[in-house]
Amino acid sequence: MIDTVILQFIFNCLDKIDLKRFKPVAQSGFKRWVNNPTKIDKSKWGYLPKYTLTQRDNVFFLTSEFSAEKLLFKDNINENAEHDFENTVSRFREVSGAMGVLFASEQIRKARVLTFHPAKNIILSKCYNPTFIIGELAKVDISRKFDIDRKEFRNGGEVLQFYTNQHALCFYDKVRDLGKPAKRAFDKDQTAKQMNLFDNLSGITEILRMEARLKRKKMRDIFEKIGYNNYEPTFEE
């Protein structure tokens, strides 16, 4: 499944963008604006993407960062699949319009992918729990090219990351992470639905969350290794 994704769009003019929704950000060399959802926006529309607009010469580059799962399901416990793609495009187009950006559906399908996070929720059974699994994974003799970060929390739960500047492989206790405040949670953008799920899942279900966080250069390296010859995939691809 696909969780977080960053898409890039190119505009030659601003006739499809309501610049009043964007706030200018100080940046040397070129102009830059951001458009992040407010509490009022979220109360009306639920989960929403974040947008950054950059002007270089006479060309405008718009990037949008969002969780494809949260956009569609309002949480990332439910997993998306290929058959959910068109619904994701439709929902993204709808909420982007509410945030002041008008897209055609084909424009979204053909958007350039800058970053994406394939992920998997692994439901554990037979008395296994994420703490035990993370403890065993932390013993792996990983390449020196990776840094390792392991955090433990007093109220339970752990996070383990193998990472470099271009990518990371992360494992964490999904259920306990749902119950943490935003500043301490590994998933910093919890939705209201996710926080409500904590009461239903806590003590009943054990979920190990695995995420591969890939930036553009690492995407190319991996695609080349697995024999995928399209190094510039669109959102649709």
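Each remark here, short or long, concerns the structure printed above.
Note that the structure is predicted; figures quoted are calculated from it, not measured.

Quick notes on the overall build of the protein chain
Consideration 1: For the protein chain, the count of helices and strands is eight helices and 10 strands.
Consideration 2: Here the protein chain holds 237 residues, and 44% of them are scored as buried.
Consideration 3: Within the protein chain, contacts between residues at least 6 apart in sequence are counted, and of these 62% link residues at least 24 apart.
Consideration 4: When the accessible surface of the protein chain is summed, it comes to about 13700 Å², and 51% of that surface belongs to carbon and sulfur atoms.

Regarding the pattern of salt bridges
Consideration 1: Considering all chains together, one arrives at 15 salt bridges under this definition.
Consideration 2: Arg-112 is the partner of Glu-232 in a salt bridge, and the nearest nitrogen-oxygen pair spans 3.7 Å. Of this pair, Glu-232 sits in the segment after α8 (216-225) while Arg-112 sits in strand β6 (residues 112-124); the two residues are 120 residues apart in sequence, bridging distant segments of the chain.
Consideration 3: The class for Glu-232 is partly exposed, based on a relative accessible area of 42%.
Consideration 4: Arg-112 sits in the partly exposed class, given a relative accessible area of 36%.
Consideration 5: For Glu-136, the salt bridge goes to Lys-139, with nearest N and O atoms at 3.0 Å.
Consideration 6: Owing to a relative accessible area of 38%, Glu-136 belongs among the partly exposed residues under this scheme.

Overview of the side chain of Asp-84
Consideration 1: In this fold, Asp-84 is placed in the loop between α2 (68-73) and α3 (85-98).
Consideration 2: At 12 Å, Lys-120 is the nearest oppositely charged side chain to Asp-84, a buried residue that forms no salt bridge.
Consideration 3: Within the structure, Asp-84 has its side chain in polar contact with the backbone nitrogen of Ala-81 (distance 2.9 Å).
Consideration 4: Sequence-distant contacts of Asp-84, defined by excluding residues within four places in its chain, comprise Leu-72, Phe-73 and Glu-79.

As for the layout of surface pockets
Consideration 1: Taken as a whole, the largest pocket holds about 500 Å³ of empty space.
Consideration 2: Secondary-structure elements contributing two or more residues to the lining of the largest pocket are β1 (2-11), α3 and β6.
Consideration 3: Residues of the lining of the largest pocket, tallied by class, amount to 13 nonpolar, three polar and four charged.
Consideration 4: Of the volumes computed, that of the second largest pocket is approximately 310 Å³.
Consideration 5: Every element with two or more residues in the lining of the second largest pocket is listed here: β1, β5 (59-67) and β10 (206-215).
Consideration 6: Take the lining of the second largest pocket: its biggest share by element is three residues, from β5.

A look at the nonpolar core
Consideration 1: With 31 residues, the main nonpolar core has Leu-62 and Phe-66 as its most contacted residues.
Consideration 2: Breaking this core down by element, the ones donating at least two residues are β1, β4 (50-56), β5, α2, α3, β6 and α8.
Consideration 3: Phe-66 has contacts with Asp-3, Thr-4, Val-5, Leu-7, Tyr-47, Pro-49, Leu-71, Phe-92 and Phe-235, leaving out every residue within four places of it along the chain.
Consideration 4: Core analysis: the next-biggest nonpolar cluster, separate from the first, contains six residues, Leu-124, Ile-134, Leu-160 and Phe-171 among them.

Things to note about the pairing of β4
Consideration 1: A large share of β4 lies buried, amounting to five of its seven residues.
Consideration 2: Summarising the sheet, strand β3 (residues 31-35) and β4 pair through five bridges and their orientation is antiparallel. Across the sheet, the residue bridging to Val-34 is Thr-52, located in β4.
Consideration 3: Note: β4 against β5, seven bridges, orientation antiparallel. Pairing of Lys-50 across the sheet is with Glu-65, part of β5.
Consideration 4: As consecutive antiparallel partners, β4 and β5 are separated by two residues, and within that stretch Asp-57 has a phi angle of approximately 60 degrees, a positive value.

Details of the packing of aromatic side chains
Consideration 1: The tally for this structure, following the rule as stated, stands at nine aromatic pairs.
Consideration 2: Note on Phe-92 and Phe-103: the rings are 5.5 Å apart at their centroids and 25 degrees apart in plane angle, and the pair reads as stacked. Of the two residues, Phe-92 sits in helix α3 while Phe-103 sits in the loop between α3 and α4 (105-109), which places them 11 residues apart along the sequence.
Consideration 3: Looking at Phe-92, the relative accessible area reads 0%, which means it is buried.
Consideration 4: Taken together through their ring pairs, the aromatic side chains of Phe-9, Phe-11, Phe-66, Phe-85, Phe-92, Phe-103 and Phe-235 make up a single cluster.
Consideration 5: Directly above the ring of Phe-30 sits Arg-56, whose terminal nitrogen or CZ lies 5.1 Å from the centroid.
Consideration 6: When the ring centre of Phe-61 is taken as origin, the NZ or CZ atom of Arg-56, which lies over that ring, is 5.5 Å away.

Cut-off values and rules
Residues numbered from 1 in each chain as written. Predicted model: local features only at pLDDT ≥ 70, side-chain atom pairs only at ≥ 80, totals over all residues. Heavy atoms only, no water. Helix = DSSP H or I, 4+ residues; strand = E, 2+ residues; numbered from the N terminus. Buried < 20%, exposed > 50% of the residue type's maximum accessible area, 1.4 Å probe, protein only. Contact = heavy atoms within 4.5 Å. Areas by Shrake-Rupley, 256 points an atom, 1.4 Å probe, with all protein chains shown as cover. Salt bridge = Lys/Arg side-chain N within 4 Å of Asp/Glu carboxyl O. Lys, Arg positive; Asp, Glu negative; His and termini not counted. Polar contact = N/O pair within 3.5 Å; in protein donor to acceptor, adjacent residues only side chain to side chain. 1 Å grid on protein atoms, 1.4 Å probe; cavity = no way out; pocket = protein on both sides within 12 Å on 5 of 7 lines; lining within 4 Å. Points joined across faces, edges and corners; volume = space filled by probe spheres on them. Nonpolar A, V, L, I, M, F, W, Y, C, P; charged D, E, K, R; others polar. Core = buried A, V, L, I, M, F, W, Y, C linked by side-chain atoms within 4.5 Å. Pairing = 2+ DSSP bridges. Phe/Tyr/Trp six-rings, centres within 6.5 Å; stacked < 30°, edge-to-face > 60°. Lys NZ or Arg CZ within 6 Å of the ring centre and 35° of its normal.

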